[in-house]
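These are the residues of each chain, in order.
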Amino acid sequence: HRNDIRFLGVDLEDWISSETTKEIKSSVVCRNEEAFLRQSPLTFEQAFTLAFSAKESLFKALYMDVGYYFDFDAARITDISKDERKFRIELNIDLTPELTKGRCFTGYYHTDSQRILTMVVEKVQISLANTD
């Protein structure tokens, strides 16, 4: 159903250790996002790995439209639902005239004892308006 999907990005990451998290967190999340992740329903290392993977999924979903590499600071996690295994990610900057600061995407995640799988997907919006 290729024509039904507007954006699709998937990423699989091993859980990031607390040592590695300390080393790379300043290049992946800002202070406000770090504070949010520390208050999430996941451990900080799990929430950090989710943020890392979610941003990778977002990049993969948007790259074909954006056409250039953008960094982790281009987006931030704004919500994590452990029960629904969903997250929300928001653009911090304008990437294109259509993909602007404040644009939000819903993502989904699945975990096991060794890794996390994230996916950002957006279906095509179909207008039922009369085009006559």
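In the block above lies the structure referred to throughout.
Cut-offs and rules
Here the residue numbering is sequential within each chain, running from 1 through the sequence in written order. Given that the model is predicted, a residue must reach a pLDDT of at least 70 before its local features are reported, and side-chain atom pairs must reach 80 or more before they are shown or counted; all residues, however, enter totals for whole chains, interfaces and linings. Excluding hydrogens and water, the side-chain values take into account all heavy atoms of the structure. Only buried Ala, Val, Leu, Ile, Met, Phe, Trp, Tyr and Cys residues count toward a nonpolar core, and they belong to the same one when joined by side-chain atoms within 4.5 Å. Relative accessible area decides the class of each residue, using a 1.4 Å probe on protein chains only: under 20% of the type maximum gives buried, over 50% gives exposed, and in between gives partly exposed. Going along the chain from the N terminus, every DSSP run of H or I of four or more residues is numbered as a helix, and every run of E of two or more is numbered as a strand. Residues are treated as being in contact if the distance between any of their heavy atoms lies within 4.5 Å. Excluding any residue in a salt bridge, patches collect residues exceeding 30% relative accessible area, merging like charges within 9 Å and nonpolar Val, Leu, Ile, Met, Phe, Trp and Tyr side chains within 5 Å. Method for areas: the Shrake-Rupley scheme with a 1.4 Å probe, in which residue coverage is limited to the protein chains shown. The term salt bridge refers to a side-chain nitrogen of Lys or Arg lying within 4 Å of a carboxyl oxygen of Asp or Glu.

### Side note on the nonpolar core
No. 1: Core analysis: the biggest nonpolar cluster contains 32 residues, and Leu 50, Leu 62, Ile 77 and Phe 105 have the highest contact counts within it.
No. 2: Among the secondary structure elements, those contributing two or more residues to this core are α3 (44–66), β2 (75–81), β3 (86–91), β4 (104–111) and β5 (115–123).
No. 3: Looking at this core element by element, the count peaks at 12 residues for α3.
No. 4: With near-sequence residues (within four places) excluded, Leu 62 lies in contact with Phe 7, Phe 70, Leu 91, Leu 95, Leu 99 and Phe 105.

### Considering a nonpolar patch on the surface
No. 1: Where nonpolar side chains cluster on the molecular surface, the patch consists of Ile 5, Leu 8, Val 10, Leu 12, Tyr 108, Leu 117 and Met 119 and spans about 560 Å² of accessible area.
No. 2: If you list the elements that add at least two residues to the nonpolar patch, you get β1 (5–14) and β5.
No. 3: Along the chain, Val 10 turns up in strand β1.
No. 4: The exposure class of Val 10 is partly exposed, given its relative accessible area of 39%.

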